[in-house]
Amino acid sequence: MREVWLDQDGLCPPRPGTVSISDDVSFLEEIDTDRPLLIRGRQRCEWARALADARNWRVHEVQPLREELLTLCSSLTTEQAEEIAQRLGQRAWDLPRPLTLVAVAEALFGGDLWSHEPSEERASAWLTWLVERAPTGVDAVLARALAGLWQGRSDGITEYCYRATTREEAIPIIAERLGLQPSAFPREEWEKFPLELRESVVQAIEDWVRTHLIASNGAAVDNWIAAGVSPRIWLRIGRQVFRYFERNPQHLTLERLDSLRPYLSSFELERLASLCPRPDPGLPPEGFEGVCQWFRDRYLPWREWTLSSGDEAALERAREIGRRFATWCLEQYPILGVSPQAGQLFGWARVNELRTQPDNATVTLLVILDGCGMSDAASLLRHLQAETDRFTVTRNDVVLTSLPTVTQFTKPALLAGVPPDKTGQADPGENSSRLTEVIAALEQAAPGAVVTWRLSEPDASYHRARTREDANNEVDLRLRSIARGLRQIADEVPAARRLRVVLTTDHGRLLGKARRTLTVPPDWLTHGRAAWGPSTGERIDTGFRIEERTALLDAAAYDLPAEYAYRIALTDEAFVTSDGRGGEEWFPHGGLFPEEVLVPWIELERDLAVPSPVVAIKGDGRAYGSGTLVVMVTNEASIPLQLLELELEFRQRRDIVSITETIGPLSQVTITRQIESWPTPQDCREARVRLTYRLPSGAHSTIQVEKIELTSRTLYDQTNILEDLQ
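## Overview of helix α20 (residues 374-387)
Owing to its 3.6 residues per turn, the α-helix brings residues three or four apart onto one side.
Part 1: Between its first and last C-alpha, α20 extends 20 Å over 14 residues, near the 20 Å set by a 1.5 Å rise per residue.
Part 2: Buried residues of α20: M374, D376, A377, S379, L380, L381, R382, H383, L384 and A386, and no others.

Rendered as structure tokens:
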């Protein structure tokens, strides 16, 4: 059957596949063909209509898209409607009739945002679209109209997001989702709200952060820290925070700087520390616990400031405090070694406890870094938390290393969990430097086992670096790589296996530069700030003897191999190398300054806190008859969950719906179940629903379902029973 389209106003664009007729001659020429026609002009349309009736042609009455748009959206002006028509051109013919705003948006903007029912996922995509598109003019008019439609069909956070119709309105809502802005909605609800951090969104948030820092004189950062903004977000905004305070040091207080430590890189912290003088930390107290607190809270931040500021008086004071601490350490080390608390004070003793007193429900990964100071450990944690949310820190404190602080003596002791003089008789346990071998060992390890990942970093990078800047940059890259390795371990070791990770190191390192000026006999070996040579058999009753700028150690007093004599720097100097090289060395080790001897011990557990799945339930059926239940579950955790059953509680009955389906990490699943006896309308309104699921550890968890949309029709209702599910 021949088809003709009648355009009385002559304003419609050419229709693909049809012959446009705009004059009488063309009309007469086409009368006896079978080609489809687009007739333009009122009089010709009248002729065509009469001819179509006589010849049984199919007739389509069309009107200009501009008129359809004005009828569809009253907020459009005639000029704006014409603009849309021009932009669509011939594509206007493909729009379904009757025309809808959704169809117009799909044709104009593309993508799959428009045709779906309102949901948190679509609301999130809407915010992203507003940021990226930044609609103006006619696009802004359509955005307001569409948002109004969706807003009326949603509630809660979803409805709130649809209130945004411009880029400027969307960005603060995204900031709320990220915890950067106060919100009327609980944080737990926002954490369930999906958000894709595209680069465009990140850039918009960075600009927003910069604006708020300026407006608040930097005080906004206090709110973000108090709100517990996640490390992943800090990784994105930290650079803006650093740049602001670098340019506005008058707003940087010591308290603010300390609160920023978990979120900024070591380079950024060092630079800001140089702008914010620290008070003198005083001399170390007597007890070990007091020393650890003094070291972390007072000495270490001050020492980092002396390094970055270059203040000569402060550097001289650092030498004085360092020597006093070295003396304290030499005096207390043998005493602490035989104290009842020794098992918790020394790194090697804690390793021994891991092996001899295992947690039989847990496999432990012992990560032994080489020469990782406290600042490096903080950077590693920052990178790890940005990589994955599967690890929770359960312990973060300080232990003593073995002496001297040189890998040759400290690492074998730490690996074996014994003092340095016992390493020859001890089993270092299963250990490897290769990530793939470590993962394989963890997969095969029995509960209670300890697998060791031994690393040469960051020590190797420090020794390769020729300048302080090179060291900072290279070490940060290596720590980031280690964090990625830990994330890989978290993802690849079976989730059913309870996993603990211990991060520690064999020694620290001097925060600063040392001149190689100390010398020893030719048959001695040197490394940084320590030296050792053939033992003479001489015993030192006091455990050590100070000889000008170094201390000579009694091997037995410090649990060291008896075949050597040992000498350690008491100043900030280093020994001339064994091959006679002098000069300077950045960040050496081997000595007794606090940052060389006191090192991190950090424990983490995988999947200790697992976010609950987000569940939405829809259903429709006839009361006392059959019905359809649709369950949508979003797993925001980085582990799989086994969904077991739904419990539907009504006024006078309780139904158990079996699911027995596994949902993968960071994924969504929709499950449909048929219900034989559907509840009444009142039961649907008052229903309570709970979901029970199993964690990889085997533990069960039950959550209350908040988003419930159940409808029930009585015998006299005639609505389409599938309408709400389409």
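## Here we look at the environment of T536
Part 1: Among the secondary structure elements, T536 is positioned in the loop between β12 (530-534) and β13 (544-547).
Part 2: We classify T536 as exposed; its relative accessible area is 68%.
Part 3: Each C-alpha atom, one on T536 and one on E563, is 8.6 Å from the other, the two residues being 27 residues apart in sequence.
Part 4: Looking at T536, its side chain comes within polar contact range of the main-chain nitrogen of E538, at 3.4 Å.

## A few points about the sheet that holds β12
Part 1: Pairing within the open sheet is antiparallel, and its five strands lie in the order β11-β12-β15-β14-β13. Of all strands in the sheet, those with a lone pairing partner are β11 (525-527) and β13, marking the two edges. Averaged over all neighbouring strand pairs, the angle between strand axes comes to 20 degrees, with direction disregarded.
Part 2: Bridging between β11 and β12 involves three bridges; their strand directions are antiparallel. Pairing of H527 across the sheet is with A530, part of β12.
Part 3: Together, β13 and β14 (550-553) form the strand contacts of helix α17 (residues 312-337), whose direction differs from that of β13 by roughly 155 degrees.

## Description of the pattern of salt bridges
Part 1: Scanning the model with the defined rule gives 68 salt bridges in all.
Part 2: Among the salt bridges present, the one from E595 reaches R303, with a minimum N-O distance of 3.2 Å. Highlighted residues: E595 in helix α25 (residues 594-597) and R303 in helix α16 (residues 288-309), separated in sequence by 292 residues.
Part 3: In this structure R303 comes out as buried when scored by relative accessible area, which is 5%.
Part 4: Several salt bridges share partner residues, and in doing so they unite E83, R87, R133 and D139 into one network.

Calculation criteria
Residues numbered from 1 in each chain as written. Predicted model: local features only at pLDDT ≥ 70, side-chain atom pairs only at ≥ 80, totals over all residues. Heavy atoms only, no water. Helix = DSSP H or I, 4+ residues; strand = E, 2+ residues; numbered from the N terminus. Expected span 1.5 Å × (residues − 1). Buried < 20%, exposed > 50% of the residue type's maximum accessible area, 1.4 Å probe, protein only. Polar contact = N/O pair within 3.5 Å; in protein donor to acceptor, adjacent residues only side chain to side chain. Pairing = 2+ DSSP bridges. Axes fitted to C-alpha atoms, helices over the stretch in contact; angles between N-to-C directions. Contact = heavy atoms within 4.5 Å. Salt bridge = Lys/Arg side-chain N within 4 Å of Asp/Glu carboxyl O.

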